[in-house]
Each structure stands twice: as C-alpha cells, then as structure tokens.
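Structural characterization, general
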Amino acid sequence: MRIDLHSHSTASDGTDPPAEVMRRARAAGLDVIALTDHDTLAGHDEARRAAPDGLSLVTGMELSARLDSHSVHLLSYLPDGASPELAAECQAIRDDRIRRGQAMVQRLRDLGVDVTWEQVAALAAGGSVGRPHIARAMVAAGAIAAPAEAFGPDWIGAGGRAYVSRYALDPAAAIRLVRGAGGVTVLAHARGHGRGWQIPDEVIAELAAAGLTGLEVNHPQHDAAARAALADLAGSLGLVPSGGSDDHGELTGFRIGTEIAPQGSYQRLIEQATGGVPVMAGDAGPG
Ligand SMILES: [Zn+2]
Ligand SMILES: [Zn+2]
C-alpha cells in the first residue's frame with residue numbers, strides 16, 4: 001500500500017483544486033491520500049466526489065498551534081466535521097489569518113513593496129490565506145524572484161521585517177480538541193520545517209502524554225538522520241510513525257506520493273479514529 005498522509009489544495013495554500021490533487025494522487029500510484037489543508041475541512045466535499053477508483057481519501061487538516069512563539073503543526077485525521085467546537089476553533093484561526101495577512105501586506109507596503117490585499121485574497125481564491133499567497137504576490141510585484149525568498153528575515157519569515165504572528169492554539173489543547181471530535185493527531189515536520197525551530201524531544205514527549213497519536217517521520221524536509229531519530233522517538237513514546245509529501249502543487253514542485261507512511265502505520269492511525277472513516281471512490285455519501 002502506498003499511502004501519503006499530507007497534502008494541500010486550493011482550500012488552503014496549495015495550487016491545485018481538491019479534484020486535481022485526487023487525480024494526481026492516483027496518477028502517482030497512491031492507494032490512500034489524506035487531504036490536510038490548513039485549518040479547514042472545506043476541500044473534502046470536492047475531493048470525495050473526485051476520488052478516482054482505487055484511491056481512498058482520508059479527510060483531515062493541518063491544525064495551526066503555537067508553543068512559546070514557535071509554530072507547531074498538527075495533522076488531524078478523520079475528525080467529525082460536524083463537531084461545533086472544532087468548527088468554531090477553525091473559524092477563529094481562519095478569521096485571524098485574514099487579519100494577519102492584511103497586517104503583513106500593510107508592512108510590506110510600508111517597506112515599498114507594491115502588493116495589495118485584493119491581490120493576495122485573489123491568490124487565496126476563498127481558501128485559507130497564508131504566507132505562500134503573500135509570497136506569490138511579492139514575486140508578481142517584482143520584489144523577489146521566487147516565493148521561497150519571502151521567508152527570510154528581510155520579509156515575512158518568523159521575526160522578519162514584515163512578519164506578523166497570529167492566533168494559534170496551544171498544541172495540547174489542539175490535540176484534545178481533535179480527540180474530542182473523534183480524530184487523531186500526528187505532529188508534522190518536527191525536524192525540518194526549514195524555517196527555524198526543531199521541536200525538542202521533551203516537547204514531543206509532553207505532546208504524547210497529552211494524547212498525540214503519531215509523529216511524522218517521512219517528510220521532504222527531514223534528512224536521513226532526522227528520520228532515524230524520529231522513528232526511534234516514536235517507538236519509545238508509543239507514537240505511530242507517519243509520513244507524507246506535504247505537497248502544495250506547483251509551489252512545492254508537484255511532489256505528491258514522493259513520501260509515504262511506513263507500512264502498518266495507516267491501520268494503526270485510522271483504527272484509533274472514531275470521527276469518520278476513509279472514503280473510497282463511489283461512496284460519495286451525503287457530503
Ligand atoms: Zn506544516
Ligand atoms: Zn502541510
């Protein structure tokens with residue numbers, strides 16, 4: 001079984017609509033794909049309808065949390081989308097993304113970069129607004145040559161001149177929230193977000209004690225040493241070792257299916273979720 005448990009669509013900051021993510025997932029030879037847009041379940045209806053034969057869809061999202069000013073991302077699988085508590089928190093996070101995006105655009109304008117909120121909102125196309133959208137607007141304005149340059153200290157990298165922090169949940173609270181909605185959580189890219197903080201072992205142990213289910217071991221930004229260390233840590237803490245491509249479409253160079261979950265992990269994860277079950281092509285359900 002080839003299983004990629006981390007992907008993004010235009011429901012957040014990916015460049016492909018959910019249906020196209022499903023098509024590419026199958027074309028990449030995957031049996032299972034999790035669609036994990038930031039702080040939203042909004043892409044799942046379209047993804048469900050589009051899931052090709054032979055592909056199972058795991059409904060999920062990547063929930064934004066923060067610890068001591070560091071960003072912590074929690075992949076959340078199979079929560080009950082009808083949970084009012086979860087929906088309210090996601091709405092609060094998304095609302096704040098807009099406030100924050102507008103504030104960063106204003107700072108960039110103050111720095112002489114000709115970007116507008118209208119332009120950034122158009123790039124987000126109704127999905128969760130994130131820094132990648134601002135980065136793309138900066139490229140369009142000619143301020144930088146490639147989106148990655150935006151994430152340095154000169155611009156919108158953490159602590160950068162135009163950076164604005166945002167509302168995010170405490171990670172332990174986020175884990176409980178997802179658990180309360182019947183879902184399971186996996187700590188994403190603990191050792192290689194490329195933008196700074198490496199989440200220490202002690203913190204991962206605390207999150208395990210708070211109810212974390214898994215640890216993302218296979219991720220494009222994890223080198224071999226990080227994977228080995230995280231797999232060991234997962235074993236010693238009783239966490240499920242997981243993996244996924246964190247594909248964002250064109251933004252990340254179409255890498256869906258290039259990272260997969262270790263064998264056996266998928267079953268261990270989904271059997272602990274009570275909020276939903278993976279969707280196979282054909283069971284479109286009520287949506
Ligand atoms: Zn992330
Ligand atoms: Zn991600």
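Please refer to the structure higher up on the page.
A short tour of the structure in this document, coming up. For clarity, every value in this text was computed on a predicted model and none was experimentally measured. (Residues numbered from 1 in each chain as written. Chains lettered and ligands numbered in written order. Predicted model: local features only at pLDDT ≥ 70, side-chain atom pairs only at ≥ 80, totals over all residues. Heavy atoms only, no water.)

1. Considerations on the overall build of the protein chain
In plain terms, the rule: Each helix is a run of DSSP H or I of at least 4 residues and each strand a run of E of at least 2, with the numbering of both proceeding from the N terminus. As defined in this context, the radius of gyration uses C-alpha atoms, and a globule is described by 2.2 Å times the residue total to the power 0.38. Note on classification: 1.4 Å probe, protein chains only; a residue is buried when its accessible area is under 20% of the maximum for its type, exposed when over 50%, partly exposed between these limits. Residue contacts are counted whenever heavy atoms from the two residues lie within 4.5 Å of one another. Surface accessibility in these figures is a Shrake-Rupley result with a 1.4 Å probe; residues are shielded only by whichever protein chains are displayed. Residues counted as positive are Lys and Arg, residues counted as negative are Asp and Glu, and His and the chain ends are not counted. One atom stands in for each charge, and that atom is NZ of Lys, CZ of Arg, CG of Asp or CD of Glu.
Counting secondary structure elements, the protein chain contains nine helices and eight strands. Relative to the compact-globule value of 19 Å for 287 residues, the protein chain shows a C-alpha radius of gyration of 18 Å, a close match. C-alpha extents for the protein chain along the principal axes are approximately 50 × 40 × 35 Å. In the protein chain, which comprises 287 residues, the proportion classed as buried is 53%. Restricting to contacts in the protein chain with at least 6 residues of sequence separation, those with at least 24 account for 71%. Summed over its atoms, the accessible surface of the protein chain is roughly 11500 Å², and 51% of this surface lies on carbon and sulfur atoms. Distance between charge centroids for the protein chain: 2 Å, based on 24 positive and 35 negative side chains.

2. Some remarks on the coordination of the zinc ion (ligand 2)
In plain terms, the rule: The donor definition counts N, O and S atoms within 2.8 Å of each metal and applies 3.2 Å to Na, K and Ca; water is not among these atoms, so some sites may look incomplete. Geometry is assigned from the angles between donors: four donors with all angles from 85 to 135 degrees make a tetrahedral site, four or six donors whose opposite pairs exceed 155 degrees while the rest stay between 65 and 115 make square planar or octahedral sites respectively, and everything else is labelled irregular.
Of the protein atoms, only His6 (NE2), His8 (NE2), Glu62 (OE) and Asp246 (OD) coordinate the zinc ion (ligand 2), at distances of 2.1 to 2.2 Å. Around the zinc ion (ligand 2) sit four donor atoms; with metal-centred angles ranging over 80 to 170 degrees, the donor geometry is irregular. Coordination of the zinc ion (ligand 2) draws on donor residues from a single chain, spaced H-x1-H-x53-E-x183-D in sequence.

3. Notes on the coordination of the zinc ion (ligand 1)
Ligation of the zinc ion (ligand 1) by protein atoms is provided by Glu62 (OE), His73 (ND1) and His189 (NE2), these donors lying 2.1 Å from the ion. All donors to the zinc ion (ligand 1) come from one chain, and their sequence spacing reads E-x10-H-x115-H. Distance-wise, the zinc ion (ligand 2) is placed 3.6 Å from the zinc ion (ligand 1), both being coordinated by Glu62. Here the residue His73 occupies a position in strand S4 (residues 70-77), and His189 occupies one in the loop between strand S5 (184-187) and helix H7 (201-209), the gap between them amounting to 116 residues.

4. Focus: the nonpolar core
As a reminder of what qualifies: Throughout, nonpolar core names a set of buried Ala, Val, Leu, Ile, Met, Phe, Trp, Tyr and Cys residues whose side chains join them through atoms within 4.5 Å.
If you look at the biggest cluster of nonpolar residues, it comprises 29 residues, and the most contacted ones within it are Leu63, Leu74, Leu187, Ile204 and Leu215. For this core, the secondary structure elements donating two or more residues are strand S3 (56-67), S4, helix H3 (84-110), helix H6 (171-180), H7, strand S6 (214-218) and helix H8 (224-237). Beyond its immediate sequence surroundings of up to four residues, Leu74 is in contact with Met61, Glu62, Leu63, Ala65, Pro171, Ala174, Ile175, Thr185, Val186, Leu187 and Leu212. Counting 20 residues, the second-largest nonpolar core is a separate cluster that includes Trp117, Ala137, Ala162 and Val164.

5. Regarding the side chain of Arg24
The condition that has to hold: In protein, a polar contact requires one atom able to donate a hydrogen and another able to accept it; more generally it is a pair of N or O atoms within 3.5 Å, and residues adjacent in sequence count only if both atoms are side-chain atoms.
If you trace the backbone, Arg24 turns up in helix H1 (residues 18-27). Here the side chain of Arg24 touches Asp247 through a polar contact of 2.8 Å, side chain to side chain.

6. Considerations on the pattern of salt bridges
Formally: Basic side-chain nitrogens of Lys or Arg form a salt bridge, by our definition, when they fall within 4 Å of a carboxyl oxygen of Asp or Glu.
Scanning the model with the defined rule gives ten salt bridges in all. Between Asp39 and Arg97 there is a salt bridge whose closest N-O contact spans 3.1 Å. On the criterion of sequence distance, the pair formed by Asp39 in the loop between strand S2 (32-38) and helix H2 (44-50) and Arg97 in helix H3 is long-range, its members being 58 residues apart. Assigned by exposure class, Asp39 and Arg97 land together as buried. Taking the shortest distance from any N to any O, the salt bridge between Arg48 and Asp45 comes out at 3.0 Å. Of the two residues, Arg48 and Asp45 both sit in helix H2, three residues apart, roughly one turn of that helix. On the basis of relative accessibility, which here comes to 34%, the residue Asp45 falls in the partly exposed class. Here the salt bridges do not stand alone but share partners, grouping Asp16, Arg24 and Asp247 into one network.

7. A short note on the packing of aromatic side chains
Selection rule: Stacked, edge-to-face and tilted are the three classes for Phe, Tyr and Trp ring pairs, Trp counted by its six-membered ring, which pair at centre distances within 6.5 Å; planes under 30 degrees apart are stacked, over 60 edge-to-face, the rest tilted. Note on geometry: a ring has a charge over it if NZ (lysine) or CZ (arginine) is within 6 Å of the ring centre and within 35 degrees of the ring normal.
All told, the structure shown has zero aromatic pairs when counted by the stated rule. Over the ring of Trp155 we find Arg161, and its NZ or CZ is 4.8 Å from the ring centre.

8. Observations concerning the environment of Gly183
Structurally, the position occupied by Gly183 is in the loop between H6 and S5. Separated by 103 residues in the primary sequence, Gly183 and Asp80 place their C-alpha atoms 7.0 Å from one another. Discounting chain neighbours no more than four positions away, the residues touching Gly183 are Tyr77, Leu78, Pro79 and Val178.

9. Thoughts on H8
An α-helical turn contains 3.6 residues, so any two residues separated by three or four positions project in the same direction. Which entries qualify depends on this criterion: Under the convention used throughout, the expected extent of a helix is 1.5 Å for every residue step, that is, one less than its residue count.
Between its terminal C-alpha atoms H8 stretches 20 Å, which fits the 20 Å expected from 14 residues at 1.5 Å a residue. Buried residues belonging to H8 abut H7, S6 and strand S7 (240-243). Backbone geometry just after H8 places Gly238 at a positive phi near 75 degrees.

10. What to know about the pairing of S6
Stated formally: Note: two strands are recorded as paired if DSSP finds a minimum of 2 bridges between them.
A large share of S6 lies buried, amounting to five of its five residues. The pairing of S5 with S6 spans two bridges and is parallel. For Val186, the partnering residue across the bridge sits in S6 and is Gly214. Relative to S7, S6 runs parallel, the two being bridged by four bridges.

Shape descriptors only; they carry no functional weight alone.
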